Amino acid sequence: MISADITVKCQFYDLDPMGIAWHGNYPRFFEQARCALLDKIDYNYDQMRDSGYAWPIVDMRIKYVRSLRFGQEVTVTATLVEYENRLKINYLIKDIETGEKLTQGFTIQVAIDNNTEEMLFQSPPVLYQKVEALLC
């Protein structure tokens with residue numbers, strides 16, 4: 001499938017009072033990697049809106065294996081695993097230095113027609129076209 005990687009360095013403002021990355025920051029790290037993936041597909045949020053669809057997240061799961069610490073550099077990988085009826089993107093956060101898996105998760109987004117505000121049960125053709133162009 002299609003993947004994109006970003007590098008994140010855990011900053012002081014990412015930490016909770018116990019000195020580890022606050023759990024609420026991980027969705028932000030996922031979002032940064034998701035945008036890199038959507039840019040690669042050429043169907044990021046501006047293109048989604050312009051094509052007549054919104055793609056809200058309807059489900060997100062995060063499995064915290066080991067906490068990120070101040071100054072730690074990690075790779076966040078976003079991988080498209082489903083696109084026919086919904087966008088399912090898997091995420092993997094790994095320590096750059098050791099390669100150790102730190103966090104994994106996924107998000108699920110569904111297409112909403114901007115005019116009717118109805119959820120679609122199948123992804124719109126524009127997404128198929130963009131993904132298939134990369135896979136060929």
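As a reminder, the structure under discussion sits directly above these lines.
Calculation criteria
- Residues numbered from 1 in each chain as written.
- Predicted model: local features only at pLDDT ≥ 70, side-chain atom pairs only at ≥ 80, totals over all residues.
- Heavy atoms only, no water.
- Helix = DSSP H or I, 4+ residues; strand = E, 2+ residues; numbered from the N terminus.
- Buried < 20%, exposed > 50% of the residue type's maximum accessible area, 1.4 Å probe, protein only.
- Contact = heavy atoms within 4.5 Å.
- Areas by Shrake-Rupley, 256 points an atom, 1.4 Å probe, with all protein chains shown as cover.
- Lys, Arg positive; Asp, Glu negative; His and termini not counted.
- Charge placed at Lys NZ, Arg CZ, Asp CG, Glu CD.
- Polar contact = N/O pair within 3.5 Å; in protein donor to acceptor, adjacent residues only side chain to side chain.
- Phe/Tyr/Trp six-rings, centres within 6.5 Å; stacked < 30°, edge-to-face > 60°.
- Lys NZ or Arg CZ within 6 Å of the ring centre and 35° of its normal.
- Core = buried A, V, L, I, M, F, W, Y, C linked by side-chain atoms within 4.5 Å.
- Pairing = 2+ DSSP bridges.
- Disulfide = S-S within 2.5 Å.

### Concerning the overall build of the protein
Right, on to step 1. For the protein, the helix and strand inventory stands at 3 helices and 7 strands.
Right, on to step 2. Starting at the N terminus, the α and β elements of the protein follow one another as β-α-α-β-β-β-β-β-β-α.
Right, on to step 3. Seen through its principal axes, the protein has C-alpha atoms that stretch 45 × 30 × 20 Å.
Right, on to step 4. Within the protein, buried positions represent 39% of all 136 residues.
Right, on to step 5. Taking the intrachain contacts of the protein between residues at least 6 apart in sequence as the baseline, contacts between residues at least 24 apart amount to 65%.
Right, on to step 6. With an accessible surface of roughly 7,600 Å², the protein has 51% of that area assigned to carbon and sulfur atoms.
Right, on to step 7. Charged side chains of the protein number 14 positive and 19 negative; the gap between the two group centres comes to 8 Å.

### Regarding unusual backbone geometry
Right, on to step 1. Even without being glycine, Asp42 reaches a positive phi, approximately 65 degrees.
Right, on to step 2. Residues other than glycine seldom take positive phi values, yet Glu117 does so here, at roughly 60 degrees.
Right, on to step 3. Along the chain, the position of Glu117 falls in the loop between β7 (112–113) and α3 (125–135).

### Focus on the environment of Tyr64
Right, on to step 1. Mapped onto the elements of the fold, Tyr64 is located in strand β3 (residues 57–64).
Right, on to step 2. Linking Tyr64 and Thr103, residues 39 residues apart in sequence, is a C-alpha distance of 4.8 Å.
Right, on to step 3. Look past the residues within four positions of Tyr64 in its chain and what remains in contact with it is His23, Tyr26, Leu102 and Thr103.
Right, on to step 4. A polar side-chain atom of Tyr64 sits 3.1 Å from the main-chain carbonyl oxygen of His23.

### Some remarks on the packing of aromatic side chains
Right, on to step 1. With the rule as written, the count across this model stands at 5 aromatic pairs.
Right, on to step 2. Taken together through their ring pairs, the aromatic side chains of Tyr26, Phe29 and Tyr64 make up a single cluster.
Right, on to step 3. Of note, Lys88 hangs over the ring of Phe106, and the distance from its end group to the ring centre comes to 4.5 Å.

### Some thoughts on the nonpolar core
As a rule of thumb, nonpolar side chains are buried together in soluble globular proteins.
Right, on to step 1. Formed by 32 residues in total, the largest nonpolar core has its most connected members in Leu37, Trp55, Leu68, Val76, Leu80, Leu87 and Ile93.
Right, on to step 2. If one sorts the elements of this core by residue count, helix α1 (residues 26–41) sits on top with 7 residues.
Right, on to step 3. With near-sequence residues (within four places) excluded, Leu80 lies in contact with Met1, Ile2, Leu37, Ile41, Leu87, Lys88, Ile89 and Val131.

### Points about the pairing of strand β1 (residues 3–9)
Right, on to step 1. Side chains of β1 alternate between two faces, with Ala4, Ile6 and Val8 buried and Ser3, Asp5, Thr7 and Lys9 left unburied.
Right, on to step 2. Bridge analysis of β1 against strand β4 (residues 73–82) gives 7 bridges, and the strand direction is antiparallel. The residue of β4 that forms the bridge with Ile6 is Val76.

### Section: the state of the cysteines
Right, on to step 1. Counted according to the given criterion, the structure contains 0 disulfides.
Right, on to step 2. In this structure Cys35 is not part of a disulfide, and its nearest cysteine sulfur, from Cys10, lies 20 Å away.

Any functional reading would require information that these geometric values do not contain.
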